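# Structural features, examined
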Amino acid sequence: MLNIVIFGAPGSGKGTQSELIVKKYNLVHLSTGDMLRDEIARGTDIGRFADTLISKGNLVPDDLIIKMICAKIDERKGNCNGFIFDGFPRTVAQAEALDALLASFGKKLTLMLDLRVEEPLLIERLLKRGETSHRADDNLEVIKKRLQVYHEVTMPVIEFYKSTGRYVAVENCTTVEEYFQSIVQLIEFSICGF
Ligand code: AMP
């Protein structure tokens, strides 16, 4: 099983790269942001609660996120090549929970890919996306808050994966294709060692 965390600041291209990875390696794409937006669109209790946090750039509580991911993994773990986790984990508690979840059925996380992108470019991309995404959180005020939360709460996840030898940075790339080529090399190296 190939289990990958795709990590990075908001606007770093996690969704785009996840789609390319899913096509190449036939993995199940689990995006907690997409799951929450689906709850919001369906007007569920979870969706209404999540909306109040997301629209202000805050994180949704760990227990709710972990429950959601756990249910999705349970649905698919017996019939897939592996998972790509996009936008999850965003806290060290979530990263620990993911290890425990995978270990509960004898699996491990293969690697964590950190998409490194300069902050001014992140802001530019998110503002541009906001013109068409109509996402409540793609406006300058909320983008700044999301980046602050990323620095304060999510970046410690990097140390967690570094300390357990599963961290890889994807950097010095400019185009989507360049990022993807680097990612494929890193995945192949982690699978085959060359
Ligand atoms: P994303 O689509 O990954 O940018 O997520 C959009 C928003 O959903 C985030 O800004 C958070 O408010 C919330 N969210 C998504 N994933 C998580 C997570 N793993 N933990 C907490 N909140 C999350």
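Residues numbered from 1 in each chain as written. Predicted model: local features only at pLDDT ≥ 70, side-chain atom pairs only at ≥ 80, totals over all residues. Heavy atoms only, no water.

In this structure, Ile4, Ile21, Phe85, Leu98 and Tyr161 are the most contacted members of the largest nonpolar core, which totals 55 residues. Not counting residues within four places of it along the chain, the set of residues in contact with Leu98 comprises Val5, Ile73, Phe85, Phe88, Pro89, Leu109 and Tyr161. (Core = buried A, V, L, I, M, F, W, Y, C linked by side-chain atoms within 4.5 Å. Buried < 20%, exposed > 50% of the residue type's maximum accessible area, 1.4 Å probe, protein only. Contact = heavy atoms within 4.5 Å.)

Here we come to the packing of helix 2 (residues 32–41) against helix 3 (residues 45–54). As a packed pair, helix 2 and helix 3 sit with axes 7 Å apart at the nearest point and diverge in direction by 120 degrees. Seen along the crossing, helix 2 lies across helix 3 with a hand that is left-handed. Contacts from Leu36, Glu39 and Ile40 in helix 2 reach Ile46, Gly47, Ala50, Asp51 and Ile54 in helix 3. Considered class by class, the residues forming the contact of helix 2 with helix 3 number five nonpolar, one polar and two charged. (Axes fitted to C-alpha atoms, helices over the stretch in contact; angles between N-to-C directions. Helix = DSSP H or I, 4+ residues; strand = E, 2+ residues; numbered from the N terminus. Left-handed = near helix turned anticlockwise from the far one by under 90°. Nonpolar A, V, L, I, M, F, W, Y, C, P; charged D, E, K, R; others polar.)

With that settled, the discussion passes to the environment of Leu186. Relative to the elements of secondary structure, Leu186 occurs in helix 9 (residues 176–192). Taking relative accessible area as the criterion, Leu186 reaches 22% and is therefore assigned partly exposed. Separated by 139 residues in the primary sequence, Leu186 and Gly47 place their C-alpha atoms 36 Å from one another. Among residues more than four places away in sequence, those in contact with Leu186 are Leu111, Leu113, Val168, Ala169 and Val170.

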